[in-house]
Amino acid sequence: MIGVIGAGTWGTSFSTVIANRSDVMLFARDEEVVNSINSLHENLKYLKGIKLPLNVFATSDRKLISKIEDVVFSVPVQSIRQVIDDFRPFFKESVRILNLGKGIEISTLKRVSEIFKELLPTSRYSVLSGPNFAREVALKEFCATVVASEHEDESEYWQKLLIYPYFRVYTTDDVVGVEISGGLKNVIAIAAGVVKGLKYGDNSKAALITRGLAEITRLGLKLGARQETFFGLSGVGDLLLSCTSFQSRNFRAGVLLAEGYSLDDIKKRLGSIIEGIYTSEAAFKLSKKLGVDMPIAQQVFAIINKEASIKDAIDLLTSRKPLKEFY
Ligand SMILES: NC(=O)C1=CN([C@@H]2O[C@H](COP(=O)(O)OP(=O)(O)OC[C@H]3O[C@@H](n4cnc5c(N)ncnc54)[C@H](O)[C@@H]3O)[C@@H](O)[C@H]2O)C=CC1
Ligand SMILES: O=C(CO)COP(=O)(O)O
């Protein structure tokens, strides 16, 4: 039995992948979600219209995690600290963790691996990230993804468990690179949505994605990541996906910002987490702290923080001083 904490869109969809090889216990905090999964085999709140395999069960009883060795975390990054705390009394000491969340904690500027190291130092941590829209995965459309762990046997454990003809899993030991690329792509996806909402052309879109990748890579390298990771599935793969598709909530949030909707309205309309809103603040703070030039992320945060209008932000980005392409 594998445990999945967070029965939102991705946690529910990901359970269908695990269910190819193992029973799944989904931990939800919302009784309505528990009941709909157990009685209808469908998560009506987060993944309506998708029938779940019969070996996916749900519960709100945290104590049941004490019987489980392998735990997948699929909760928004700003809530992870709280959720670890809630479950901590019940975890096995050497619990194996696979994190699916994409982002950076604003209050500490920590990546998720660092939060786990702080709160559950004896756990065995891996992170999975890549171009994987939840609904397409649940529909078993082919995709690829990457699992990163500092310990090869851990990433290979998850690879063996999850890989399936429609779900191709690669491994790497570059945890920093996968966490930074997966988290930061959401910020650039908001900017890409703004560009789309303003009806800019395809040249603008390509420029934004490429320069977005350049600044994500600069931050990653400063934190010790490897350059090649940014050309991989969690890097350019997920960035392309999220910057070009209305399936991305971050992209849609950007479109709605450009159309003049307030942040509160956008959150209500989309109804599930828009990680880039929060990661833009963490990126802004990290870029200042580390002295890394991240002009697009900084302007996304300025728009979200109401320090700049969209017009001001674009004026500032397009009138920057001439630069070498890589610096
Ligand atoms: N939806 C997608 O296609 C993908 C999402 N992700 C990432 O996975 C993470 C989760 O995303 P989604 O499932 O889409 O979000 P969601 O908004 O659909 O679901 C979030 C889930 O976390 C739970 N949650 C939130 N705060 C909590 C708290 N304090 N305590 C307990 N539970 C809490 C919610 O009840 C809900 O079940 C995000 O970091 C997202 O970027 C990654 C790949 C694909
Ligand atoms: O991370 C994702 C796909 O890989 C999901 O993107 P959004 O959070 O923008 O919907």
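Residues numbered from 1 in each chain as written. Chains lettered and ligands numbered in written order. Predicted model: local features only at pLDDT ≥ 70, side-chain atom pairs only at ≥ 80, totals over all residues.

Per an unreviewed UniProt entry, the protein chain is named Glycerol-3-phosphate dehydrogenase [NAD(P)+], and its organism is Thermodesulfobium acidiphilum. Of the protein chain, the UniProt comment under Sequence similarities (unreviewed entry) reads exactly: "Belongs to the NAD-dependent glycerol-3-phosphate dehydrogenase family." (UniProt positions renumbered as here; feature names shortened; annotations may be inferred.)

Draft legend 1. Examining the nonpolar core more closely. With 95 residues, the main nonpolar core has Leu26, Ile188, Ala191, Ala192, Ala283, Ala297 and Val300 as its most contacted residues. The leading source of residues in this core is helix α7 (residues 175–197), at 13 residues. Two domains each donate at least three residues to this core, and these are domain 1 (2–173) and domain 2 (176–319). When residues no more than four places from it in sequence are discounted, the contact partners of alanine 283 are Leu184, Val187, Met294, Ala297 and Phe301. (Core = buried A, V, L, I, M, F, W, Y, C linked by C-beta atoms within 7 Å. Buried ≥ 20, exposed ≤ 12 C-beta atoms within 10 Å, placed from the backbone. Helix = DSSP H or I, 4+ residues; strand = E, 2+ residues; numbered from the N terminus. Domains from an automatic or database assignment. Contact = placed C-beta atoms within 7 Å.)

Draft legend 2. Main features of the environment of glycine 11. Relative to the helices and strands, glycine 11 resides in helix α1 (residues 9–18). Residue class for glycine 11 comes out buried when judged on the 25 C-beta atoms lying within 10 Å of it. Along the primary structure glycine 11 and threonine 145 are separated by 134 residues, whereas in three dimensions their C-alpha atoms are 15 Å apart. Once residues within four sequence positions are removed from consideration, glycine 11 is found in contact with Val4, Gly6, Leu26 and Ser74.

Draft legend 3. Seen up close, the sheet that holds strand β4 (residues 70–73). One open sheet holds the eight strands; their spatial order is β3-β2-β1-β4-β5-β6-β7-β8, and the pairing between them is mixed. Both edges of this open sheet fall to β3 (56–59) and β8 (167–172), since each of them pairs with a single strand only. Direction aside, the axes of adjacent strands within the sheet are offset by 25° on average. On top of the sheet, helix α2 (residues 31–40) reaches β2 (24–27) and β3; it is set at about 155° to β3, its chief contact. With respect to the sheet, helix α6 (residues 152–162) is in contact with β5 (96–99), β6 (124–129), β7 (143–148) and β8, its orientation differing from that of β8 by roughly 175°. (Pairing = 2+ DSSP bridges. Axes fitted to C-alpha atoms, helices over the stretch in contact; angles between N-to-C directions.)

Draft legend 4. Molecular detail of the site of ligand 2. Neighbouring residues of ligand 2: 13 residues in total, closest Asn132, Ser242, Ser248, Arg249 and Asn250. Sorting the residues of the shell around ligand 2 by element identifies α7, α9 (233–243) and α10 (249–258) as the ones contributing at least two each. A domain split of the shell around ligand 2 shows at least three residues from each of domain 1 (2–173) and domain 2 (176–319). (Near = placed C-beta within 6 Å.)

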